[in-house]
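Observations on chain architecture
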Amino acid sequence: MSNIAFIPTTKEELGGAQPDFILVSGDAYVDHPSFGAALIGRFLQSKGFSVALISQPGWQDGSDFESLGMPKLAFMVAAGNMDSLVNHYTSAKKPRKQDMYSPGGKAGHRPDRATIVYCNKIRQVFPGAPIIIAGIEASLRRFAHYDYWSDKVRQSILVDSGADMLIYGMAEHASLEVGKRLRNGEKLSEISGVPGTCHMKREMPEGAIEIASFDEVKTDKTAYAKAFSTQYREHDPIRGRTLAQKHGTRGYLIAEKPAMPLSRSELDELYSLEYTYKWHSKYDKDGGVPALSEIKFSITYNRGCYGECAFCALAFHQGRIVQSRSVGSVVQEAKRLMKLPDFKGYIHDIGGPTANFSKPACREQLKRGACAGKRCLSPVPCKNLEAGHTDYVNTLKAVREIPGIKKVFVRSGVRFDYALLDKNDRFIRDLCKYHVSGQLRVAPEHVSKNVLDLMGKPPCEVFDRFLQKFDGINKNLGLDQYAVAYFISSHPGSSLCDAVELALYMKKKNIRPEQVQDFYPTPGTRATCMYYTGIDPNNMKKVYVARDPEEKAMQRALLQYTVKENYALVRKALRKIDRDDLIGTHPGALVPPEGAVARGYTPFDKNKKYTDKKAKTDPKSRRGGKEAKKDGNVSPKRRHKN
């Protein structure tokens with residue numbers, strides 16, 4: 001593994017050759033399959049294309065963009081593993097202090113709207129150069145879309161960037177097909193009909209489905225919601241159809257149907273390619289790239305997700321058809337990781353978007369596609385859903401039994417409602433016995449039925465059943481382990497009354513989150529459509545949205561009502577909805593009245609297992625936070641589900 005060469009980044013490394021593709025990435029170059037530039041670069045190399053990489057180019061002038069010259073076939077531009085604006089700003093639109101995908105974790109190595117900026121610079125240096133944009137920023141902004149940071153509807157990023165083509169979703173099949181056609185002499189601007197791509201045409205193709213134009217959706221929220229509904233419904237590689245959206249004088253954005261997901265053998269092949277599993281040596285002086293430390297000894301097991309949480313863009317990016325790797329493929333990667341000099345015996349994760357999904361939801365998905373307008377798991381599981389964990393359980397077992405492996409953690413999210421559908425408890429039992437060390441992260445997200453329905457999450461009773469089973473199995477095994485629950489404040493549909501309901505639930509269950517995730521309207525999600533339009537695109541019904549900064553602060557404070565600094569805001573929220581009964585020193589109160597703090601008020605019953613004092617010292621309390629982050633099962637990867 002030490003003899004594996006990095007993807008060339010300089011003319012010297014290219015040996016004077018002109019590469020077929022030059023990848024431009026907003027991330028620092030980390031040669032690990034969890035980083036998009038490395039993955040697609042190695043994939044194209046394996047198919048006979050020569051590839052070079054420009055990582056985090058300076059955008060103030062064009063020198064970095066011209067450093068490798070002109071590619072034979074095309075530039076491929078991506079903002080990085082995250083949307084550049086999500087990377088730069090919190091949900092409160094405040095600048096982040098760090099960029100984990102940059103050398104030393106320092107911010108400022110990429111511009112806002114990196115895809116657009118990079119393309120503009122390439123056009124300045126190489127007028128007429130063929131440009132393909134890809135990655136999550138391009139994928140989720142492929143249609144006219146609401147942009148939270150400017151608080152307006154923007155054109156497709158293909159129009160704003162001036163690129164010739166956009167590849168959306170997981171790009172292997174589309175990149176390979178486009179690469180072959182370019183190598184055969186076709187011009188990029190004339191290529192069409194490739195699944196998983198978008199391009200511009202003056203006229204709408206015959207057979208395409210026209211959705212509301214950019215001019216319509218930027219002024220008419222009902223039109224926006226209907227257009228999003230169609231985009232989401234047609235995002236299927238089997239039954240999906242070509243969509244067309246007019247963008248003024250530029251003509252029509254043509255979005256071809258999604259590409260087919262990789263087969264198991266193709267996925268195995270992709271992850272068997274030679275990666276160094278290191279950041280480029282040029283970052284050694286900066287202390288490396290922090291994001292690698294989170295995933296270096298993690299293994300991607302699956303792709304796709306039919307959980308379809310409204311706030312998550314995975315279904316609109318990777319798709320709803322789940323694919324997973326074979327046991328042998330995962331075992332071989334684990335053995336490669338063991339050869340790295342800093343391996344300590346721990347595999348930090350074997351998972352993906354949802355760890356315990358291994359196969360399509362039902363047999364019909366690969367024949368007729370995922371059902372349009374229906375969800376597999378909510379509000380109740382589909383009768384055709386085939387729940388089972390045999391493949392995943394066998395994979396985990398095979399890796400943990402490799403000599404030299406001390407522990408295999410599961411840090412990716414576990415869909416607890418799916419786990420409960422299995423006919424036996426083997427997965428949950430193995431999870432508790434072998435793959436949890438103190439805490440397991442799960443995401444009920446809320447407890448209000450109205451909010452959960454809009455989120456696409458199961459009823460609170462299902463989460464309670466999971467906790468009961470999880471606790472029971474741990475007790476039977478003689479293990480002292482806890483579930484760390486994650487919740488979202490101010491999600492579309494959530495009012496102050498819903499936030500109070502959640503706070504009361506947390507009080508009852510002694511759940512005290514040190515961190516709460518505010519809803520973040522990222523591109524490409526149904527929840528973002530609801531946030532902007534106030535309409536649920538599934539049924540076109542009105543949805544309450546908390547947009548006032550003070551109300552959002554109140555909802556957040558209610559979820560952290562035990563924090564003294566939040567008392568005043570919680571009292572204000574309770575009085576606003578006439579819940580003064582929850583202000584007091586009685587057992588049912590959420591916060592004390594003014595002046596009670598000085599008299600030693602505590603918000604929890606000292607006779608209960610988790611008192612305030614215990615919560616500060618017991619790393620296994622159900623509250624998450626700093627202690628939880630020390631554990632192998634709580635991952636910063638949660639951030640936002642973009």
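Here, the structure is the one placed above.
These remarks concern the structure in this document. (Residues numbered from 1 in each chain as written. Predicted model: local features only at pLDDT ≥ 70, side-chain atom pairs only at ≥ 80, totals over all residues. Heavy atoms only, no water.)

Some details on the overall build of the protein chain
A count of helices and strands for the protein chain gives 25 helices and 24 strands. Taking 642 residues into account, the globule formula puts the C-alpha radius of gyration at 26 Å, and the protein chain, at 25 Å, falls close to it. Counting only C-alpha atoms, the protein chain reaches 75 × 60 × 50 Å along its principal axes. Put simply, of all contacts in the protein chain between residues at least 6 apart along the chain, 75% involve residues at least 24 apart. Distance between charge centroids for the protein chain: 4 Å, based on 100 positive and 72 negative side chains. (Helix = DSSP H or I, 4+ residues; strand = E, 2+ residues; numbered from the N terminus. Rg over C-alpha atoms; globule rule 2.2 N^0.38 Å. Contact = heavy atoms within 4.5 Å. Lys, Arg positive; Asp, Glu negative; His and termini not counted. Charge placed at Lys NZ, Arg CZ, Asp CG, Glu CD.)

A short note on the sheet that holds strand S9 (residues 197-201)
The sheet built from nine strands is open, its strands ordered S3-S1-S4-S5-S8-S9-S12-S11-S10 with mixed pairing. With one partner strand each, in any of the chains shown, strand S3 (51-55) and strand S10 (209-211) form the two edges of the open sheet. Between one strand and the next, the sheet's axes are offset by a mean angle of 25°, whatever the strand orientation. In the packing of helix H2 (residues 36-46) onto the sheet, the strands contacted are strand S1 (21-25), S3 and strand S4 (74-78), and the crossing angle to S1 comes to about 170°. Relative to strand S8 (residues 165-167), helix H7 (residues 172-183) is tilted by about 145°, and along the sheet it contacts S1, S4, strand S5 (131-133), S8 and S9. (Pairing = 2+ DSSP bridges. Axes fitted to C-alpha atoms, helices over the stretch in contact; angles between N-to-C directions.)

Some details on the pairing of S3
In terms of burial, S3 is largely enclosed, as five of its five residues are buried. Burial along S3 is two-sided: the face carrying Val-51, Leu-53 and Ser-55 and the face carrying Ala-52 and Ile-54 are both buried. Sheet analysis places S1 next to S3, joined by five bridges and oriented parallel. Looking across to S3, one finds that Ile-22 is bridged to Ala-52. (Buried < 20%, exposed > 50% of the residue type's maximum accessible area, 1.4 Å probe, protein only.)

Overview of the nonpolar core
Phe-21, Ile-133, Ile-347, Ile-350 and Leu-558 are the most contacted members of the largest nonpolar core, which has 183 residues in total. If we ignore the near neighbours within four places in the chain, the residues touching Ile-347 are Phe-297, Ile-299, Ala-334, Leu-337, Val-399, Ile-405, Lys-407, Val-408 and Phe-409. Cys-305, Tyr-306, Leu-385 and Tyr-418 belong to the second-largest nonpolar core, a separate cluster that totals nine residues. (Core = buried A, V, L, I, M, F, W, Y, C linked by side-chain atoms within 4.5 Å.)

Regarding the pattern of salt bridges
Across all of its chains, the model carries 36 salt bridges by this definition. Where Arg-154 meets Asp-160, a salt bridge forms, and the shortest distance between an N and an O atom there is 3.2 Å. Asp-160 sits in the partly exposed class, given a relative accessible area of 23%. Asp-425 serves as the salt-bridge partner of Lys-469, at 3.2 Å between the closest nitrogen and oxygen. (Salt bridge = Lys/Arg side-chain N within 4 Å of Asp/Glu carboxyl O.)

Examining empty space enclosed by the protein
Tallying each qualifying case throughout the model produces seven cavities of 30 Å³ or more. The computed volume of the largest cavity comes to approximately 250 Å³. As for the largest cavity, its lining consists of 22 residues, and the residues nearest its centre are Ala-259, Met-260, Pro-261, His-317 and Gln-318. Looking at the second largest cavity, its volume works out to about 100 Å³. Forming the walls of the second largest cavity are 16 residues, and the residues nearest its centre are Leu-140, His-145, Tyr-224, Phe-228 and Gly-524. Sorting the residues of the lining of the second largest cavity by element identifies strand S6 (145-147), helix H9 (221-233) and helix H21 (526-533) as the ones contributing at least two each. It is H9 that provides the largest number of residues to the lining of the second largest cavity, a total of three residues. In terms of residue class, the lining of the second largest cavity is built from nine nonpolar, five polar and two charged. (1 Å grid on protein atoms, 1.4 Å probe; cavity = no way out; pocket = protein on both sides within 12 Å on 5 of 7 lines; lining within 4 Å. Points joined across faces, edges and corners; volume = space filled by probe spheres on them. Nonpolar A, V, L, I, M, F, W, Y, C, P; charged D, E, K, R; others polar.)

Remarks on the sheet that holds strand S21 (residues 482-489)
The parallel open sheet is built from three strands, whose spatial order is S20-S21-S22. Each edge of the sheet is formed by a strand with only one pairing partner; in this case those strands are strand S20 (439-445) and strand S22 (517-518). Packed onto the sheet, helix H19 (residues 460-477) meets S20 and S21 and runs at close to 165° relative to S20.

Here's the deal with the environment of Tyr-301
If you trace the backbone, Tyr-301 turns up in the loop between strand S14 (298-300) and strand S15 (302-303). Assessed through its relative accessible area of 0%, Tyr-301 is described here as buried. The spatial distance from the C-alpha of Tyr-301 to the C-alpha of Ser-324 is 5.6 Å, given a sequence separation of 23 residues. In this structure, Tyr-301 is in contact with Gln-323, Ser-324, Arg-325, Val-330, Ile-350, Gly-351, Ala-355, Phe-357, Ser-358, Asp-391, Tyr-392 and Thr-395, ignoring residues within four places of it in sequence. At 3.4 Å, the side chain of Tyr-301 forms a polar contact with the backbone nitrogen of Tyr-392. (Polar contact = N/O pair within 3.5 Å; in protein donor to acceptor, adjacent residues only side chain to side chain.)

Concerning unusual backbone geometry
With an omega of 5°, the peptide bond between Ser-378 and Pro-379 qualifies as cis. Following the sequence through the fold, Pro-379 ends up in the loop between helix H14 (365-368) and helix H15 (390-400). Even without being glycine, Lys-93 reaches a positive phi, approximately 65°. Turning to its location among the elements, Lys-93 is positioned in the loop between helix H3 (84-88) and helix H4 (114-125).

Comments concerning H2
Buried residues dominate H2, accounting for eight of its eleven residues. What H2 keeps buried is the set Ala-37, Ala-38, Leu-39, Ile-40, Gly-41, Arg-42, Phe-43 and Leu-44. Immediately beyond the C-terminal end of H2, within one or two residues, lies Gly-48, with a positive phi of roughly 95°.

A word on the packing of aromatic side chains
Each aromatic ring pair is specified by the distance between its two centres and by the angle formed by the two planes. The final tally for this structure, using the stated rule, is 27 aromatic pairs. Summarising the aromatic geometry, the rings of Tyr-232 and Phe-316 are spaced 6.1 Å apart at their centres and angled 15° between planes, so their arrangement reads as stacked. Note that Tyr-232 is positioned in helix H9 and Phe-316 in helix H12 (residues 314-317), a separation of 84 residues in sequence. Take Phe-316: its relative accessible area is 2%, and that puts it in the buried class. For the ring pair Tyr-346 and Phe-409, a centre distance of 6.2 Å and an interplane angle of 20° mean the geometry is stacked. Of this pair, Tyr-346 sits in strand S17 (residues 346-347) while Phe-409 sits in the loop between strand S19 (407-408) and helix H16 (416-421); the two residues are 63 residues apart in sequence, bridging distant segments of the chain. Judged by its relative accessible area of 10%, Phe-409 falls in the buried class. Ring-pair connections join several aromatic residues into one group, and the members of that group are Tyr-146, Tyr-148, Trp-149, Tyr-224, Phe-519, Tyr-520, Tyr-531 and Tyr-532. Against the face of Tyr-168 rests Arg-142, its NZ or CZ located 4.1 Å from the ring centre. When the ring centre of Phe-49 is taken as origin, the NZ or CZ atom of Arg-183, which lies over that ring, is 4.1 Å away. (Phe/Tyr/Trp six-rings, centres within 6.5 Å; stacked < 30°, edge-to-face > 60°. Lys NZ or Arg CZ within 6 Å of the ring centre and 35° of its normal.)

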